[in-house]
Amino acid sequence: DPTKVKDAASTSQVDYQAVYNAVADVLDSEDYDDGSYGPVLVRLAWHASGTYDKNTGNGGSNGATMRFAPEANHGANAGLDKARNLLEPIKQKFPQITYSDLWTLAGVCAIQEMGGPIVPWRAGRKDGNVENCTPDGRLPDGDKGGDHLRHIFYRQGFNDQEIVALSGAHALGRCHTDRSGFDGPWTFSPTTLTNDYFKLLLDEKWQRRNWKGPPQLEDKKTKSLMMLLTDYALVTDKGFRPYTETYAKDESKFFEDFSAVFKKLLENGVPVAQFSEVVPLKKVEDQTK
Ligand code: CCH
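Just so it is clear, the structure is predicted and the values come from calculations on it, not from any experiment.

Quick notes on the rules
Residues numbered from 1 in each chain as written. Predicted model: local features only at pLDDT ≥ 70, side-chain atom pairs only at ≥ 80, totals over all residues. Heavy atoms only, no water. Helix = DSSP H or I, 4+ residues; strand = E, 2+ residues; numbered from the N terminus. Rg over C-alpha atoms; globule rule 2.2 N^0.38 Å. Buried < 20%, exposed > 50% of the residue type's maximum accessible area, 1.4 Å probe, protein only. Contact = heavy atoms within 4.5 Å. Areas by Shrake-Rupley, 256 points an atom, 1.4 Å probe, with all protein chains shown as cover. Salt bridge = Lys/Arg side-chain N within 4 Å of Asp/Glu carboxyl O. 1 Å grid on protein atoms, 1.4 Å probe; cavity = no way out; pocket = protein on both sides within 12 Å on 5 of 7 lines; lining within 4 Å. Points joined across faces, edges and corners; volume = space filled by probe spheres on them. Nonpolar A, V, L, I, M, F, W, Y, C, P; charged D, E, K, R; others polar. Pairing = 2+ DSSP bridges. Domains from an automatic or database assignment. Buried area = accessible area lost by both parts, 1.4 Å probe.

Before going further, it helps to spend a moment on the overall build of the protein chain. Secondary structure summary: the protein chain contains 12 helices and seven strands in total. Its C-alpha radius of gyration of 18 Å places the protein chain within 12% of the 19 Å reference for a compact globule of 289 residues. Taken along its principal axes, the extent of the C-alpha atoms in the protein chain is 60 × 45 × 35 Å. For the protein chain, buried positions account for 54% of its 289 residues. Excluding contacts between residues fewer than 6 apart, the proportion of contacts in the protein chain whose partners are at least 24 apart in sequence is 71%. If you sum the accessible surface of the protein chain, you get close to 13,400 Å²; carbon and sulfur atoms cover 49% of it.

The phi torsion of most residues other than glycine is negative, and most of the peptide bonds are trans. Of note, the phi angle at Ala64 is positive, near 50 degrees, even though the residue is not glycine. Summarising the element assignment, Ala64 is placed in the loop between helix H3 (38–49) and helix H4 (69–72). Look at Ala64 and you get buried, because its relative accessible area is 3%. A positive phi angle is found at Lys223, which is not glycine, with a value near 55 degrees. Locating Lys223 in the fold gives a position in the loop between strand S5 (217–219) and strand S6 (226–227).

Moving on to the pattern of salt bridges. Following the criterion strictly, the structure yields 13 salt bridges and no others. Across the salt bridge formed by Arg174 and Asp34, the nearest N and O atoms sit 3.0 Å from each other. Here Arg174 is found in strand S2 (residues 174–175), whereas its partner Asp34 is found in the loop between helix H2 (16–27) and H3, with 140 residues between them in sequence. Look at Arg174 and you get partly exposed, because its relative accessible area is 27%. Between Asp183 and Arg209 there is a salt bridge, with the nearest N and O atoms lying 2.9 Å from each other.

The full count for this structure, using the stated rule, is one cavity of 30 Å³ or more. What the largest cavity holds in volume is close to 30 Å³. Around the largest cavity sit Ala48, Thr51, Gly60, Ser61, Ala64, Thr65, Met66, Glu71 and Trp103, which together line it. Broken down by class, the residue content of the lining of the largest cavity amounts to four nonpolar, four polar and one charged.

What follows is about the sheet that holds strand S4 (residues 206–208). As summarised here, the arrangement of the three strands in space is S4-S5-S6, forming an open sheet in which the pairing is antiparallel. Two strands lie at the open edges of the sheet, namely S4 and S6, each paired on one side alone. Across two bridges, S5 lies against S6 in antiparallel orientation. Directly across from Leu217, in S6, lies its bridge partner Met227.

This part is about the domain arrangement of the protein chain. Splitting the protein chain by domain gives domain 1 (2–138 + 263–286) and domain 2 (146–252). Carbon and sulfur atoms supply 57% of the area that domain 1 and domain 2 bury against each other, a total of about 1,800 Å² over both sides. Per-residue buried area on domain 1 facing domain 2 is highest for Asp34, Met114 and Lys264; these three make up 28% of the total on that side. On inspection of domain 1 and its partner domain 2, the count reaches two salt bridges.

Below, the structure written as structure tokens:
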């Protein structure tokens, strides 16, 4: 359909695949964490989007309001300056992309380059200003239970299945005592997206870690992995558990559902009229073939 091509071209002069490749280029770093900025970029995309409130329609990725002091300083966002600073030179190189498109695109790039599924991504978010900052308290706390998860995620329009699928992102990355107070990774391969988070939740014995930090669980066998109390609710809560079992058994089902729900997360609150067509963003490894 030639009109579609014309529409897509007129919505933007940005070469999004070039932006994607620039992000992919800075993901790996020997000096940072487990060798990759991927996990913290996924967390930036999630915290930029997870402020959405379906009742008022405010919050969400449109606006990129975490650039401003009130929201940047919310406790939940501690450490995300590392992710924002990593992307700043890319914003300078491609000044026409909005921060809100860049942060969500970077999250998609991180997921895809860390072995995850293709996530359909659309351009068109607009950056807001300081008045659009959301109030503190819209993102989840790790020391609570299933009711808290539902309170936070139902407000964003997610159901139980979607909550469990999204939580699978904790296959990636780690907790930092100087950011959240919690400590350690959830899986043995924190820079690769797998369904190991669900497998470990069900297969390992989890016990309270005896330490001075906030309440968290450790695996009895190696004591080198962690789960938050909210993570463990995906095992103990009757509404969540069936999905945890499904995703532990079937990684391709997890990938399929994760792709759909991560796209939904990154688009929540953005007026549909702002969006372009889906922009095909290829993994680096698939571009040379
Ligand atoms: Fe998360 N997350 N997250 N999380 N999260 C943390 C780190 C990551 C909760 C708490 C924490 C999602 C849901 C939840 C990532 C993605 C997602 C940390 C450690 C805490 C605490 C922060 C630190 O110390 O650096 C809670 C509670 C929930 C409730 O559901 C969802 C949804 C996603 C994405 C879809 C990723 C990735 C990380 C690793 C970040 C890193 O820097 O390694």
